[in-house]
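# Coordinate inspection notes
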Amino acid sequence: MRKFISISIMGFILLLALGSCEDFLEKNPQGQLTQNTFPVSESDALLVTNAAYASLRNWHYNSGGFPILDIMSDDSHKGSTPNDALPTIGPYDLFTFSTTQDGLDRWWATLYEGIKRTNVVIEKVPSISMNTETRDIYVAEAHFLRALYYFDLVRAWGGVPLVTSTKPAVKLERSSAEEIYSLIEEDLKFAIANLPEKSEQTQAEKGRATKGAAKSLLAKVYLFEHDFVNAEKYALEVINSSEYDLEANFSAANGQVGEFGIESIFEVGASTNEGGGGQYANTQGVRGSPNRGWGFNRPSLSLRNSFEANDPRLDATIIDLGEVLDGILILGDGSTPDEIFDGLGNLIEVECYNQKVWTPGDNTSTQENHNRRIIRYADVLLIAAEALNENNKPTDALIYLNMVRERAREGNVSILLDITETNKEILASLILDERRHELALEGHRYWDLVRTGKASEVLGPLGFVVGKHELLPIPQSEIDISQGTLKQNPNY
Amino acid sequence: MKKTVFVFYFLLTSIFLFAQDQIIVKGKVTDESNIGIPGVSIAIKGTALGTITDLNGDYEINALSNATLVFSSIGFTTQEILVNNRENIDVALLESTELVDEVVVIGYGKVKKSDLTGSVSSVKGEDITKISSLNAEQSLQGMATGVQVTSTSGAPGAVPVIRIRGVGTFNNSSPIFIVDGIILDDISFLSSGDISSMEVLKDASATAMYGSRGANGVIIVSTKQGNTKDKVVINYSGEYGTQFLAKKIDLLNGREFGIITNEINPGTYSNVDALPNTDWQDLVFKPAAFHNHQISFSGSTEMSQFYFGVSYLKQDGIIDKSSYERLSFKINNTYNLFKNLKIGNHLTISPYKQQIAPNVTYSVYRAQPLLPPYYADGSYGVVYNVGNPLANLANSNNFNKGLRAVGNVFAEAEFLEAFTVKSSFGIDGSYNKAENFTPAYTVYNPDGTASQQNNEFNDLYKGNNQNLTWLWENTISYLKDFNKHTIDFVGGYTMQQSNSEYFGISGENLIRDYEDLWYITPASVYDPTINVNTIQSISNGVDQYYSMISYLARVNYTFDNRYIFTATFRRDGSSKFAKEKRYGSFPSFALGWNISNESFMQGIDLINNLKLRASWGKIGNDKVNYLGRFSTTSSGLTIFGIPETANIATTYGKSGNPDLKWETTTQYDIGMEITILNNLSAEFDYYNRKTEDILIELSTPGYLGNGQGQKIAFNAASVLNTGLEAKINWRQRIDEFNYSIGVLFSTVHNEVLSIGGNSGIDSLLQGGYLGDGRSVTQSREGLPIGAFYGYKTDGIFQTQQELDAYPHSSQAGIGDLRFVDVNNDGVIDGNDRTNIGSSIPKFIFGLNIGLDYKAFDFALDISGQSGNDIFNGKEVVRPDPYNFEKHVFDRWTGPNTSNTEPRPSFGGYNFTPSDRFIQDGSFVRLRTLMLGYTLPEQLTTKFHVQKLRIYAKGNNLFTLTKFTGYTPEIGSGDVLSNGIDFGIYPITAIYSFGVNVTF
């Protein structure tokens, strides 16, 4: 018995010693990958880098889903039927939007979701044991994308919370716009140093970020910062790289035939057949017959009337009723009036649609095949022209401006004659007009007007208030959740 | 009054052989009328050794020739007798009118009630079977202070929600159950008849032994053991009863519905008197039977004690296609291997089968009374927007079948007189199979077209889940008296692991409708050419996968029977938390003072017992979604390349919070126990429970990159519960008339102290979603958890002038509700929604009366609560024209016709969630009324029956409440959705009769 007792006591003590083994308390979640188990390999690194791109195909990446930037500009109206999304999207057309306006929170959250995904790559991929060259490219892609997401944030809201880690503090204040711009510049310079040129990519890699895309974006960023010297420098580097050219046909610049083509510098791939369509084009697609989408972003009479006589780009930008595209007759929407008049009987809107998002087909599924172009070569040429003019090199500026016009005239020498103006102010204004016609309905116009200081003159009559509408309001839900830590933009 | 200081261990029957002058003492213990008393505890003074008398009152014990035996039994005065070398000692115990010191089961041990410093409510076995035999948990209602028991449904097999001392957290606020030492979340597998007692551990001193799991209270369930020496006792009890709908909801009949419809849409019905009427409630709710049988065999020998029970329960529901059937085997054995070593086991195995009816209560409530249930040809009639509940029931085949096995094996050794080591290994395993088959069927419109109630192809869902928890507990205890000091120590080490997995598959278009073919195999596809996938979905994953390691200790020190000090400590480590946050320590301290044992109290006969006690401690809650600490991945696509190709994109979804840690409740309790004139006993407690670091999911700033609308788990809320508990009992015996009256009540003050704090995350929690996106509870600082949230109403707009004079929604017109502009901004909008009530009762009470006279016994129990509100959720969601509750007849029909009931409408503005739908949830319920008769022993013994009792009883026969629904008991496991009546399965009233036989 004594023996039994001593054995049981010893057993008990042994048990205590054994039990403190910590392994027993390490239980991994079942059926799930977590921060401890992903990403850990070269193939994981690719998956996690791809995910940083995937936010671009998120519908909300496109200014919260609806093309509010064009709707806020003089180029277009809300679109769709008169009452569709009237309380939610209508106010953007009239500059009566509030801090709780639909879509602001979605856009904000989605841009930051993209930023988090880039931060995951930047933080985790460098420590993965893998081919170092590939690794550097993945990390550089993430830097490029982070700059792209922040560029939208800083243009839309100004100084925003600066997040460069996957584990930021929960409570953050807004950084200054300068701090955001400086991160964007840093990120893009890193990307330029490490990304391949487009010509170095395989066919399968088309759509991934390139050195040219990073330089183009950086040139544009400097334009917004009014640093024309650097804007000129990077735009010319892109032009002189001979990596890009204009599509012979203007409509190919945004159309299906030009996808990942010679003019495309950075675009968002979408393919319904592959299971990854894009709702960007569906939102703006022809409403009614053929049924291509919801018909938002209706080109304005102002845009229509601003084109120079016989500019073929007018027809390539606006789909009118009765038009036949790729063999499909456009009839439009039955519940949308063909013409809308104001109280005085003036025609203010005609039913028409954005042709830039057109893809061949007669259903919504094919419409979702459209690839949104983020930066194309014509944009870079016009950035170069604008920067050179600002840097007092009008003759050089004219070269690039006229390259854009030359392509636009499609061989018809009687239209869109070469511009020879060298007066800085007049030329600047001509370049801005050229941007409007070349890049219409691609989301540039509103920001072009704001950054060139023309917004009050052009948009003032539409409701734009100086000192307020240069920036969007921080979503009210963000301010509420932060319990007031985030401060609202002026005058909202 | 002097009390003994010994702790009795009923289960110990073996004797520690030590000295050579040990003798065997035999004898009989009788009462004053010389009848043997069974179950008398006989202890050897100064040791933990003892035995119990058998059914005839006989006993046998090994004792030292000079030992003192202590004879004690509830209801009798304890006697001490010196053995003095006698081998036969017969004892006649005197019946005592005073309340004898009971033994209370506590965590990892037992303690005399007088030595208890914690707050523990005990419910004995006979009280558990009082409330029909359907559900043991239900029996706690109105029987224990500080305990709120709320039914979630009257469906057979439904488990009620239990809250001990308020609602302590936003997460799972249910207590844990300890059955024979095994830690469980519910006891639905147990037959009430196998339970000998339930102890509700409430304060920190009592619950801290369960550390991280004790914060919501602990209910210790002890099952029956064999204790009759050398004799087998056979017990049979049977009960048969009928359940029925206690109350119908006052809904409109066909004619009334026609009148109201005509007011909403004039001219709909030309002659309302000619309209048909269907009473859907009468068609759907039918009285339903249940029966329960239990037989048990128990006994003990020198070598062993055994209890073996089998029970069978079959309960039909008052709604067709709902039932519950359970077979339960209970086996408890103890074997005395050597003088100081015993081994044993507890085991319950319960196969069950439950059929679950679809929620037709909601459609019965909504169905228009004008519609016929059947067409002339006997086929089901269409019920627009709702579905014909009878067709729905007829085609429902939804089952849960499974098996639960809970048990343990243990070994216990005593050494050096005062020490006991015990090791037990237990498991809780279950296997559940869900099976839901719906045949193809169509309910047609009168014009012969298919209505929305159309299941084109038959479909089948099959799911199973398997759970296995094992628990290994090792304790060492020490019990010793030194003169006036008693030390009772227990220390231990435990390990536990829990694992579960589910698998589900659904398919459609099986080749046959009958049960033999309810399998999803390619062979049962009806016709592949019609392009219907047999397999619709597959799901597979894990619900629980975690492990724990715990260290525990408790010391109970008593000085001179007057001063008691208890300290407990438990340290839990759990895999649920990250390494750095893994361990939590949960201490408690308590003091007790038996004032009545002080010398200055000795002359006071009025007060027989007076004790003060106080406790403080910290306890935890681990019933949280622990996966919140991980960032898990999800995959999508990105398109690259010429030609365009999908590339898999994988990254983290919302971020995990690796800093998650234990929720901690700090509780203090002050209590007093008093017995006056041996008849009146009372126990009072004040408690204060503050839970901090509550783990909740809150909206986070978008810049954290979790995506729009995503919520993250944080330890970011605290909640306070305070209250008073009182239990007062009066017991008296007048010759053959014995009666007792017990009154108990508890108060609850529940308040959210903070959410989010100043941390940059959200500061409120929405809940109580109605199913159409609208939410009717909002928890925020200063309000109770899950406070109702909506517009306040202030009468009805009587005139156009009144409408113009007040801020109103553009939807409001004359005759509509006037919402209060709470923030005074001149606009009625979402910001005017405010706190409009709470589902947490402020006062819970019970009244228990028991009488027995000669062979008759009678019991009456009343329970109730007040101060809580119910949100009549079923009335609010009205996308389509549904039937109305009768109060629509109080409608506004012109200026000053009504200021409470707006003009009728089928939905819209007046059905915006507002205080119009808040009802008083207070109730008083006659829970039990029972009359029993025990046949004379002289008669029954002729048939070898020791005792035969028959009884009749009624449960829930009468409820006093203002609530218009079926029952004011509206529970939900989700604390943010509590008290919202979505049309629950009605709680039934029950008539039953039964018999108890002891052989």
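Residues numbered from 1 in each chain as written. Chains lettered and ligands numbered in written order. Predicted model: local features only at pLDDT ≥ 70, side-chain atom pairs only at ≥ 80, totals over all residues. Heavy atoms only, no water.

### Concerning the domain arrangement of chain B
- You can read the domains of chain B as domain 1 (22-96) and domain 2 (106-223).
- For domain 1 of chain B and domain 2 of chain B, the distance between their C-alpha centres works out to 33 Å. (Domains from an automatic or database assignment.)

### Concerning the sheet that holds strand β4 (residues 58-64) of chain B
Residue and element names in this part refer to chain B.
- An order of β4-β1-β7 is seen for the three strands of this open sheet, with the pairing classed as mixed. The open sheet has two free edges, formed respectively by β4 and β7 (91-92), since each of these has just one partner strand.
- Two strands pair when backbone bridges link them, and strand β1 (residues 22-30) and β7 are joined in this way by two bridges, in the parallel orientation. Counterpart to Thr30 in the pairing with β7 is Ala92. (Pairing = 2+ DSSP bridges. Helix = DSSP H or I, 4+ residues; strand = E, 2+ residues; numbered from the N terminus.)

### Here we look at the environment of Ile164 of chain B
Residue and element names in this part refer to chain B.
- Note that Ile164 resides in strand β12 (residues 161-164).
- Once the C-alpha coordinates of Ile164 and Val200 are considered, the two residues, 36 residues apart in sequence, prove to be 8.6 Å apart.
- Discounting chain neighbours no more than four positions away, the residues touching Ile164 are Gly146, Val147, Pro175, Val200, Lys202, Asn216, Gly217, Val218, Ile219 and Arg689. (Contact = heavy atoms within 4.5 Å.)

### Details of the layout of surface pockets
All names here are of chain B.
- Taken as a whole, the second largest pocket spans an internal volume of roughly 1200 Å³.
- Residue lining of the second largest pocket: 46 residues in total, with Asp185, Asp186, Arg404, Asp428 and Asn467 positioned closest to the centre.
- Secondary-structure elements contributing two or more residues to the lining of the second largest pocket are β12, β13 (176-179), β14 (182-184), β21 (341-355), β22 (397-415), β23 (419-438), β26 (459-482) and β27 (485-508).
- Taken together, the residues of the lining of the second largest pocket break down into 17 nonpolar, 18 polar and 11 charged. (1 Å grid on protein atoms, 1.4 Å probe; cavity = no way out; pocket = protein on both sides within 12 Å on 5 of 7 lines; lining within 4 Å. Points joined across faces, edges and corners; volume = space filled by probe spheres on them. Nonpolar A, V, L, I, M, F, W, Y, C, P; charged D, E, K, R; others polar.)

### Looking at the sheet that holds strand β3 (residues 50-52) of chain B
All names here are of chain B.
- Pairing within the open sheet is antiparallel, and its four strands lie in the order β3-β2-β5-β6. Taken across any chain shown, the strands that pair with only one partner, and hence form the sheet edges, are β3 and β6 (79-82). Averaged over all neighbouring strand pairs, the angle between strand axes comes to 20°, with direction disregarded.
- Taken together, the four bridges between strand β2 (residues 41-44) and strand β5 (residues 68-72) define a ladder with antiparallel strand orientation. Each residue of the ladder has a partner; that of Ile42, found in β5, is Phe71. (Axes fitted to C-alpha atoms, helices over the stretch in contact; angles between N-to-C directions.)

### Remarks on the packing of helix α6 (residues 132-157) of chain A against helix α8 (residues 211-224) of chain A
All names here are of chain A.
- Taken N-terminus to C-terminus, the directions of α6 and α8 make an angle of 25°; their axes are 11 Å apart at the nearest point. Here α6 is positioned roughly parallel relative to α8, judged by the angle of their axes. Here α6 runs over α8; the crossing is left-handed. Between α6 and α8, the contacting residues are Phe144, Ala147, Leu148, Phe151 and Arg155 on the first element and Ala213, Ala214, Leu217, Lys220, Val221 and Phe224 on the second.
- Taken together, the residues that form the contact of α6 with α8 break down as nine nonpolar, no polar and two charged. (Parallel < 35°, antiparallel > 145°, perpendicular 65-115°, else oblique. Left-handed = near helix turned anticlockwise from the far one by under 90°.)

### Digging into the packing of aromatic side chains
- Across all of its chains, the model carries 56 aromatic pairs over all chains by this definition.
- Here the aromatic residues Trp107, Trp108, Tyr112, Tyr150, Trp157 and Trp447 of chain A together with Tyr703 of chain B are joined through ring pairs into a cluster of three or more.
- In this arrangement the basic side chain of Lys422 of chain B is found over the ring face of Phe410 of chain B, its NZ or CZ atom lying 4.7 Å from the centre.
- Lying over the aromatic face of Tyr546 of chain B, Lys576 of chain B brings its terminal NZ or CZ to 4.2 Å of the ring centre. (Phe/Tyr/Trp six-rings, centres within 6.5 Å; stacked < 30°, edge-to-face > 60°. Lys NZ or Arg CZ within 6 Å of the ring centre and 35° of its normal.)

### Quick word on the environment of Arg774 of chain B
Residue and element names in this part refer to chain B.
- With respect to the helices and strands, Arg774 occurs in the loop between β42 (765-769) and β43 (775-779).
- Using a relative accessible area of 26% as the deciding quantity, one classes Arg774 as partly exposed.
- Residues Arg774 and Asn824 lie 50 residues apart in sequence; the distance between their C-alpha atoms is 23 Å.
- Excluding anything up to four places from it in sequence, Arg774 contacts Gly768, Tyr769, Val876, Val877, Phe911, Thr912 and Pro913.
- Separated by 3.1 Å, the side chain of Arg774 and the backbone oxygen of Phe911 make a polar contact. (Buried < 20%, exposed > 50% of the residue type's maximum accessible area, 1.4 Å probe, protein only. Polar contact = N/O pair within 3.5 Å; in protein donor to acceptor, adjacent residues only side chain to side chain.)

### A few points about the nonpolar core
- Among the nonpolar cores identified, the biggest contains 101 residues, and Phe144, Tyr150, Trp157, Ile184 and Phe266 of chain A are the most heavily contacted of them.
- In terms of nonpolar packing, the next biggest core, distinct from the first, is built from 23 residues, Ile164, Ile182, Leu184 and Val200 of chain B among them. (Core = buried A, V, L, I, M, F, W, Y, C linked by side-chain atoms within 4.5 Å.)

### Examining empty space enclosed by the protein
- Under the defined criterion, the tally for this structure stands at 16 cavities of 30 Å³ or more.
- Estimates place the volume of the largest cavity at around 440 Å³.
- Around the largest cavity, the lining comprises 36 residues; the ones closest to its centre are Leu134, Asn135, Gln138, Ala158 and Gln315 of chain B.
- If you list the elements that add at least two residues to the lining of the largest cavity, you get β19 (304-316), β20 (323-338), β52 (923-934), β53 (947-961) and β54 (988-998) of chain B.
- Here the lining of the largest cavity is composed, by residue class, of 14 nonpolar, 17 polar and five charged.
- Surrounding the second largest cavity, 27 residues form its lining, Arg155, Arg372, Glu442, Gly443 and Trp447 of chain A being those nearest its centre.

### Regarding the interface of chain A and chain B
- On the chain B side, the residues contacting the 71 residues of chain A number 70 residues.
- With both sides pooled, the region where chain A packs onto chain B buries about 6000 Å², and carbon together with sulfur makes up 62% of that total.
- For the interface between chain A and chain B, the tally reads one salt bridge.
- Where chain A meets chain B, there are 23 residue pairs in polar contact (both at pLDDT 80 or more).
- If you list the elements that add at least two residues to the side of chain A that touches chain B, you get α1 (2-19), α2 (42-54), α5 (104-124) and α19 (476-481) of chain A.
- When its residues are assigned to classes, the side of chain A that touches chain B shows 34 nonpolar, 21 polar and 16 charged. (Buried area = accessible area lost by both parts, 1.4 Å probe. Salt bridge = Lys/Arg side-chain N within 4 Å of Asp/Glu carboxyl O.)

### Some points on helix α14 (residues 377-390) of chain A
All names here are of chain A.
- If you check α14, its first and last C-alpha atoms are 20 Å apart, about what 14 residues at 1.5 Å a residue would give, namely 20 Å.
- Among the 14 residues that make up α14, 13 are buried, leaving the element largely enclosed by the rest of the structure.
- Two residues or fewer past α14, Asn392 is found with a positive phi of approximately 60°. (Expected span 1.5 Å × (residues − 1).)

### Here we look at the confidence of the model for chain B
- Averaged over all residues, the pLDDT of chain B is 88; the fraction at 70 or higher stands at 95%.
- Below a pLDDT of 50 lies the segment residues 1-20 of chain B, which in the model reaches 59 contacts outside its immediate sequence neighbourhood of four places, other chains included. (pLDDT = per-residue confidence, 0-100.)

### A look at helix α15 (residues 394-408) of chain A
All names here are of chain A.
- Compared with an ideal rise of 1.5 Å per residue, which puts 15 residues at 21 Å, α15 spans 21 Å between its outermost C-alpha atoms and is within 8% of the ideal.
- Restricting attention to buried positions, one finds in α15 the residues Pro394, Ala397, Leu398, Tyr400, Leu401, Asn402, Val404, Arg405, Arg407 and Ala408.
- Taken from the residues just after α15, Glu410 is the one with a positive phi, measuring 50°.

### Considering the pattern of salt bridges
- Considering all chains together, one arrives at 74 salt bridges over all chains under this definition.
- Here Asp572 of chain B makes a salt bridge to Arg570 of chain B, at a shortest N to O gap of 2.9 Å.
- Residue Arg570 of chain B is classed as buried on the basis of its relative accessible area, which comes to 0%.
- Ionic contacts of the salt-bridge type, sharing partners, join the residues Glu263, Glu308, Asp311, Arg313, Lys356, Arg376, Arg405, Arg407, Glu434, Glu438 and Glu442 of chain A into one network.

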